[in-house]
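Close look at the chain arrangement
The residues making up each chain are set out below.
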Amino acid sequence: MEELGKYLAVYLAGATGIYKGIPVGIAFGLSPFLSASFTALGSISSVVILYLAGAPFRQWLMKKYGSKSIDGKQQKFTNWLDKYGVPGLGLMVTGLLGPFISLIMGMTLLKETGKFLFYLILGIILWSFAIAYVADPLVDLIKSFF
């Protein structure tokens, strides 16, 4: 039962972001594979829920941030998107800014949100495993010094 609590904690932390779930898994002593898996599952489930909210979520974003603040940044984003495309947004920005900011950017500025969601989920999986497998030995190295 105790193990189930650890997995649930990593899942819930992962639902709030990749960079929160991996440290929780490492702190509980889970393997990098389990930390990355439950973090990715949590993050994917929360992103899919927000994605399925669809138009109401998009309207709420526009009310909260306004189209003026988005219009000012849209040119930079459009240039970047022309260079790397939807796969670049889903794969690269997910690890750099997090899945939620990537989702917000994608839902407000893209028309092909289905294709974007695929690359976003793929990016979440790749970044979760990459971060987990890099962070675990680094934490062990730091522990060995103290």
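Everything that follows concerns the structure shown earlier in this document.
Predicted, not measured: the structure shown is a model, and the values here were computed from it. Position numbers for residues start from 1 in each chain and track the written sequence from start to end. Local features in a predicted model are, by the rule used here, given only for residues with pLDDT of at least 70; side-chain atom pairs are given and counted only at 80 or more, and totals for whole chains, interfaces and linings are based on all residues. Neither water nor hydrogens contribute to the side-chain values; these are computed over all heavy atoms in the structure.

Scanning the chain for helices and strands turns up five helices and zero strands. Secondary structure elements are taken from DSSP: a helix is a run of H or I of four residues or more, a strand is a run of E of two residues or more, and numbering for both begins at the N terminus. Ordered by position from the N terminus, the helices and strands of the chain form the series α-α-α-α-α. For the chain, the spread of C-alpha atoms along the principal axes amounts to about 50 × 30 × 25 Å. Exposure categories follow from relative accessible area, calculated using a 1.4 Å probe and restricted to protein chains: below 20% of the type maximum is buried, above 50% is exposed, and the middle band is partly exposed. Burial analysis of the chain (146 residues in total) assigns 39% to the buried set. Taking the contacts inside the chain whose residues are at least 6 apart along the sequence as the reference set, 70% of them involve residues at least 24 apart. Note on contacts: a residue pair qualifies if any of its non-hydrogen atoms lie within 4.5 Å across the two residues.

Attention now moves to the nonpolar core. One finds Ile22, Leu89, Leu103, Phe116, Leu120 and Ile124 to be the most contacted residues of the largest nonpolar core, which totals 24 residues. Breaking this core down by element, the ones donating at least two residues are helix 2 (18–27), helix 3 (32–97), helix 4 (99–109) and helix 5 (113–145). Ranked by residue count, the leading element in this core is helix 3, at 11 residues. Excluding residues within four positions of it along the chain, Leu120 makes contact with Val47, Gly90, Thr94, Pro99, Ser102 and Leu103. Grouping buried Ala, Val, Leu, Ile, Met, Phe, Trp, Tyr and Cys residues that are joined through side-chain atoms within 4.5 Å yields what is termed a nonpolar core.

Below, the discussion takes up the packing of helix 1 (residues 2–16) against helix 2. Between N-to-C directions, angles cover 0 to 180 degrees, with each direction set by a line fitted to C-alpha atoms, over the stretch in contact for helices. For the pair helix 1 and helix 2, interaxial distance at closest approach is 6 Å and the crossing angle is 160 degrees. Taken as axis vectors, helix 1 and helix 2 run roughly antiparallel relative to one another. Seen along the crossing, helix 1 lies across helix 2 with a hand that is right-handed. Contact residues: Ala9, Val10, Ala13, Gly14 and Thr16 in helix 1; Ile18, Lys20, Gly21, Val24 and Gly25 in helix 2. The nonpolar class holds Ala, Val, Leu, Ile, Met, Phe, Trp, Tyr, Cys and Pro. Asp, Glu, Lys and Arg form the charged class, and all remaining residues, Gly among them, are polar. By residue class, the composition of the contact of helix 1 with helix 2 is five nonpolar, four polar and one charged. In what follows, roughly perpendicular refers to angles from 65 to 115 degrees, roughly parallel to angles under 35, roughly antiparallel to angles over 145, and oblique to any angle outside these ranges. Two helices crossing with the near one rotated counterclockwise from the far one by less than a right angle form a left-handed crossing, whereas a clockwise rotation gives a right-handed crossing.

So, on to the environment of Phe77. Here Phe77 lies in helix 3. Taking relative accessible area as the criterion, Phe77 reaches 8% and is therefore assigned buried. In the structure, Phe77 is positioned 40 residues away from Ser37 in sequence and 30 Å away in space, judged by C-alpha atoms. In contact with Phe77, not counting residues within four places along its chain, are Leu89, Met105 and Leu109.

Only residues whose relative accessible area exceeds 30% and that form no salt bridge are eligible for patches; like-charged ones are grouped when within 9 Å, while nonpolar side chains (Val, Leu, Ile, Met, Phe, Trp, Tyr) are grouped when within 5 Å. In short, Shrake-Rupley with a 1.4 Å probe defines the accessible areas, and a residue's cover is counted only from the protein chains shown. For this document, the term salt bridge refers to a Lys or Arg side-chain nitrogen within 4 Å of an Asp or Glu carboxyl oxygen. On the surface, a cluster of nonpolar side chains totalling about 730 Å² of accessible area is made up of Val134, Leu138, Leu141, Ile142, Phe145 and Phe146. Mapped onto the elements, Phe146 comes out in the segment after helix 5.

What describes a pair of aromatic rings is the distance from one ring centre to the other and the angle between the planes of the rings. Centres within 6.5 Å are what make two rings of Phe, Tyr or Trp a pair, Trp counting through its six-membered ring; a difference in plane orientation under 30 degrees is then read as stacked, over 60 as edge-to-face, and the rest as tilted. Counting across every chain of the model gives four aromatic pairs. Look at Tyr7 and Phe38: their rings are 4.9 Å apart centre to centre, the planes differ by 5 degrees, and that puts the pair in the stacked class. Residue Tyr7 is located in helix 1, and its partner Phe38 is located in helix 3; the two are separated by 31 residues in the primary sequence. Taking 5.1 Å as the distance between ring centres and 75 degrees as the angle between the ring planes, the aromatic pair formed by Phe118 and Tyr119 counts as edge-to-face. Following the ring pairs from residue to residue traces out a cluster consisting of Phe33, Phe129 and Tyr133.

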